[in-house]
Amino acid sequence: MRELEAQRAESRRRLSLDQIVSATVDLIDEQGIAAASMRTVARQLGVQVMALYRYVANREDLFDAVVDHIVGELDDDPTIQQDVGDDGWQSYLTDLAWGVRRYARAHPHAFPLVATRPPSAPWINPPLRSLRWIETMLANLSQAGFNDEQVLFTYRSFNSFLLGHLLLETSAMVIDDPKPGDGSFQAGDDTGAHDPVDPADPVPGSISPTRTTAKRKALANAATTSELLGVKPSDYPVIHRLRAGLTEDHFEEEFGAGLDILFGRIANKMDHV
């Protein structure tokens, strides 16, 4: 007992915000968003739940720190250029886009937080929701010859493309690998007045996986009307004919193709403004 108390005391002495946030990210990666209550994070760290409140005000505050942590992984990505350089703006934005995709795919169960947490300012758009990275992007585009209207068009279009594609891709990853905390509702949390939780409160951005990859493939290959769950070939002949192709995932290929289309729109905007 004394040894356990000594270990807990040592953990408390070593506790930091970075340690808390890292433990929360690990917990979400392993079990889903709803599993990351203040109590479960404290248990993961081997400390009393009240110890966390020295660093974060509540779970909402903790989730904001989780978002900062995940987006901050861009800082450690050696493939991302810090400026446009001689390769031009398309190369710069390409590297940045693939970097954002890497952090989204590294944390598919946490990505809904990045996508849906209310930003600290109205001009901060997900998924590139770091003031430093946004400032760098805007400055680089300006230095590459974009006027203010072109910078704003590119910033909004770039973020909208990334957000839409990566929400779709990470949702598919979550459905393929569901975790107990991926449900649409929070698990009850008995942390007291500091962290009141209504079990009926929805978890922002979470989903309820109901159809696995294997089941999707089985439906795609179904030959009879009954196997297609009411999708009658006579009513939906094109869907019936293309059903196998409609279930295929080509996220990486489509991401690259989508970037090419986006850059074409940006280039066209620069030619006509």
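On a predicted model such as this, the values are computed, not experimentally measured, just so you know. (Residues numbered from 1 in each chain as written. Predicted model: local features only at pLDDT ≥ 70, side-chain atom pairs only at ≥ 80, totals over all residues. Heavy atoms only, no water.)

As for the packing of aromatic side chains
Phase 1: Going through the model one piece at a time under the given rule, you end up with five aromatic pairs.
Phase 2: Summarising the aromatic geometry, the rings of tryptophan 89 and phenylalanine 263 are spaced 5.7 Å apart at their centres and angled 85° between planes, so their arrangement reads as edge-to-face. Highlighted residues: tryptophan 89 in helix 5 (residues 89-106) and phenylalanine 263 in helix 11 (residues 251-272), separated in sequence by 174 residues. With respect to burial, tryptophan 89 and phenylalanine 263 carry one shared label: buried.
Phase 3: Residues phenylalanine 161 and phenylalanine 255 carry aromatic rings whose centres are separated by 5.5 Å and whose planes lie at 35° to one another, so their mutual orientation is tilted. Of the two residues, phenylalanine 161 is situated in helix 8 (residues 148-176) and phenylalanine 255 in helix 11; the sequence distance between them amounts to 94 residues.
Phase 4: By relative accessible area, which is 0% here, phenylalanine 255 ends up buried.
Phase 5: Every member of this aromatic cluster is reached through a ring pair, and the members are Trp89, Phe146 and Phe263.
Phase 6: One cation-aromatic arrangement involves arginine 101 over phenylalanine 255; the distance from NZ or CZ to the ring centre is 5.6 Å. (Phe/Tyr/Trp six-rings, centres within 6.5 Å; stacked < 30°, edge-to-face > 60°. Helix = DSSP H or I, 4+ residues; strand = E, 2+ residues; numbered from the N terminus. Buried < 20%, exposed > 50% of the residue type's maximum accessible area, 1.4 Å probe, protein only. Lys NZ or Arg CZ within 6 Å of the ring centre and 35° of its normal.)

A short note on the confidence of the model for the protein chain
Phase 1: Averaged over the protein chain, the pLDDT score is 81; the fraction of residues at 70 or greater is 75%.
Phase 2: Segment residues 184-210: pLDDT under 50, and 61 contacts once partners within four positions in sequence are set aside and those in other chains are kept. (pLDDT = per-residue confidence, 0-100. Contact = heavy atoms within 4.5 Å.)

Some thoughts on the packing of helix 2 (residues 17-31) against helix 4 (residues 59-71)
Each packed pair of helices is defined by two parameters, the angle between the axes and the distance between the axes.
Phase 1: One can describe the packing of helix 2 onto helix 4 by two numbers: an axis separation of 9 Å at closest approach and a directional angle of 85°. Classed by the angle they form, the pair helix 2 and helix 4 counts as roughly perpendicular. In contact with Ile20, Val21, Ser22, Thr24, Val25 and Ile28 of helix 2, helix 4 contributes Leu62, Phe63, Ala65, Val66, His69 and Ile70.
Phase 2: Grouping the amino acids of the contact of helix 2 with helix 4 by side-chain chemistry returns nine nonpolar, three polar and no charged. (Axes fitted to C-alpha atoms, helices over the stretch in contact; angles between N-to-C directions. Parallel < 35°, antiparallel > 145°, perpendicular 65-115°, else oblique. Nonpolar A, V, L, I, M, F, W, Y, C, P; charged D, E, K, R; others polar.)

Here's the deal with the packing of helix 5 against helix 7 (residues 131-143)
Phase 1: In contact at an axis separation of 11 Å, helix 5 and helix 7 are set at 165° when each is read in the N-to-C sense. Accordingly, the angle class assigned to the pair helix 5 and helix 7 is roughly antiparallel. Remark: the crossing between helix 5 and helix 7 carries left-handed chirality. In this structure, helix 5 contributes Trp89, Tyr92, Leu93 and Leu96 to the contact, and helix 7 contributes Trp133, Thr136, Met137, Asn140 and Leu141.
Phase 2: Within the contact of helix 5 with helix 7, the residues separate by chemical class into seven nonpolar, two polar and no charged. (Left-handed = near helix turned anticlockwise from the far one by under 90°.)

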